[in-house]
Every structure is written in C-alpha cells, then in structure tokens.
Amino acid sequence: SQTIHQWPATLVQPVGSPLSLECTVEGTSNPNLYWYRQAAGRGLQLLFYSVGIGQISSEVPQNLSASRPQDRQFILSSKKLLLSDSGFYLCAWSARGLSEKLFFGSGTQLSVL
Amino acid sequence: GQQLNQSPQSMFIQEGEDVSMNCTSSSIFNTWLWYKQDPGEGPVLLIALYKAGELTSNGRLTAQFGITRKDSFLNISASIPSDVGIYFCAGRSNGGGSNYKLTFGKGTLLTVNP
C-alpha cells in the first residue's frame, strides 16, 4: 500500500532563518507531487506541483521554492523565512491519470516568530 | 483564476441531525470532489464525481454533481460526533496544466454536539 511521510510535524523558526520541509511517498512510482499551504482561514492554497524529477510548477509568487531530487521525494525550502510564511503545510501525491484523487500527508505546522 | 464558493462556512448541529453543504462556481468543472479534514491532519477524499447529474453515496454521505457542472452538494445523514471536521469541495477542469490541479473551496467547519 502507498504511504506518504511528511516531517517535521511542528516547527518554530525565527524570521530570516532557512526552511526545509521534506515529503516522501512509498509504494508507488512516478507520482504527481504537491505542496499546499493552509492558512488560518482554512482555505487550501496550491504552492507547487511536480509531474516528474526536476519538474516544478509554481502557482504563486512567494518566498518559497520546491525541489524534486528523486521520484518520490519533494522538498519545500526557503532561504529566509518571513512572518507571513507561517501556516500549515501539506504535502500530497496523486497517481498519474488520477490527479483528482489527492492523498495528503499529516502536515507541518510552521510558526515563524 | 477559478474560485469555488462553499457554504455554509460553519455549522453547529446536534447528533442525529442531517447536514447539507454546497459549492458553486462561475465556471464549469469536469470533476467534483469532497474531502474531509480532521483536526491537525491532512484532508481525506470522501467522494469523487465525474458526470453531470451523478449522485454517489459513501455510507451516510451522499454527493451530487450539478447538472450545470457549476455546483455540487454534500449531504450527511444521521450525524455522529466523529463527523466533526472541515469539509472541502474541490473541482477540476480538463485541459493543459489544469489536469493536475484542483481548485478547493474554503471549507465548511462542522461541529456535532453529542
């Protein structure tokens, strides 16, 4: 069976510090991978998606970047965090041809102070 | 970009009551989905709808794909305390990069009083 791992679960970082959130998927190959952010207002905002190694599509201009160094690994990064980067970050995957069926990780609660 | 209007924003109901929530869009979607998010977790897919007019059930949950392709409804019958959470509608339109992306509503926060 497929599983998605996302860590850490909680992170408190000072403004200006770097960020690295990691997500890995097991039990499948060639998945579509996604990073979402959920602000306090509950909406889910798509940040990045990837259909293959090294292929990253950015949905909104921001202080964050994403990379996919391996088929089942997706990393969200920032060189210098801003207060506005605080939020709940969710990684997700979908199978090729079934992109509507997203499987989400358990999320990372990021607080930038 | 595409937007989904989901209502109500929140609901407070008694255990055993039925629940209805809906999503509307100004543009057409080819796929409608409903997800549920438990507190502190990622959303989980409840129901996927692929054809206009389609009515699909998953246990006590029933969802419908609107005829106009611009709306969808989710009903929960005989609510129980574990139904608590945020319910999201999502839509996908076909073509180009949109094949990989879902548009989410802002969610309906459901509270069930025992």
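Refer to the structure presented above.
Treat the numbers as computed from the prediction; the structure is a model and nothing was measured. (Residues numbered from 1 in each chain as written. Chains lettered and ligands numbered in written order. Predicted model: local features only at pLDDT ≥ 70, side-chain atom pairs only at ≥ 80, totals over all residues. Heavy atoms only, no water.)

1. A few points about the interface of chain B and chain A
- Across the boundary between the two partners, chain B contributes 25 residues, which contact 21 residues of chain A.
- Counting across the interface, chain B meets chain A through two salt bridges.
- Where A:E100 meets B:R92, a salt bridge forms, and the shortest distance between an N and an O atom there is 3.1 Å.
- Counting across the interface, chain B meets chain A through six residue pairs in polar contact (both at pLDDT 80 or more).
- In terms of residue count, the dominant contributor to the side of chain B that touches chain A is strand β4 (residues 31-37) of chain B (four residues).
- In terms of residue class, the side of chain B that touches chain A is built from 12 nonpolar, nine polar and four charged. (Contact = heavy atoms within 4.5 Å. Salt bridge = Lys/Arg side-chain N within 4 Å of Asp/Glu carboxyl O. Polar contact = N/O pair within 3.5 Å; in protein donor to acceptor, adjacent residues only side chain to side chain. Helix = DSSP H or I, 4+ residues; strand = E, 2+ residues; numbered from the N terminus. Nonpolar A, V, L, I, M, F, W, Y, C, P; charged D, E, K, R; others polar.)

2. Description of the sheet that holds strand β3 (residues 19-25) of chain B
Residues and elements named next belong to chain B.
- Read across the sheet, five strands follow the order β1-β3-β8-β7-β6 without closing on themselves; strand pairing throughout is antiparallel. One side of each edge strand has no neighbouring strand; the edge strands of this open sheet are β1 (4-7) and β6 (55-58). Put simply, the sheet's adjacent strands are angled 15° from each other on average, direction ignored.
- Taken together, the four bridges between β6 and strand β7 (residues 61-65) define a ladder with antiparallel strand orientation. (Pairing = 2+ DSSP bridges. Axes fitted to C-alpha atoms, helices over the stretch in contact; angles between N-to-C directions.)

3. With respect to the state of the cysteines
- According to the stated counting rule, one finds two disulfides over all chains in the structure shown.
- The disulfide bridge from A:C23 ends at A:C91, spanning 2.0 Å between sulfur atoms. Around the S-S axis, the bridge from A:C23 to A:C91 shows a dihedral of about -80° and counts as left-handed. With A:C23 in strand β3 (residues 19-26) and A:C91 in strand β9 (residues 87-94), this pair connects stretches of sequence that are 68 residues apart.
- Shown here is the disulfide that connects B:C23 with B:C89, its sulfur atoms set 1.5 Å apart. Since a negative S-S torsion denotes a left-handed disulfide, the B:C23-B:C89 link at about -55° is left-handed. (Disulfide = S-S within 2.5 Å.)

4. Digging into unusual backbone geometry
- Note that the residue after A:W7, namely A:P8, is joined by a cis bond; omega there is 0°.
- Residue placement: A:P8 occurs in the loop between β1 (3-7) and β2 (10-13).
- Look at the link from B:S7 to B:P8: it is a cis peptide, with omega at -5°.
- Even without being a glycine, A:N30 presents a positive backbone phi close to 55°.
- Mapped onto the elements, A:N30 comes out in the loop between β3 and β4 (32-38).
- The phi torsion at B:A78 lies on the positive side, around 50°, for a residue other than glycine.
- Mapped onto the elements of the fold, B:A78 is located in the loop between β8 (71-76) and β9 (85-92).
- Note on B:A78: relative accessible area 37%, which makes it partly exposed. (Buried < 20%, exposed > 50% of the residue type's maximum accessible area, 1.4 Å probe, protein only.)

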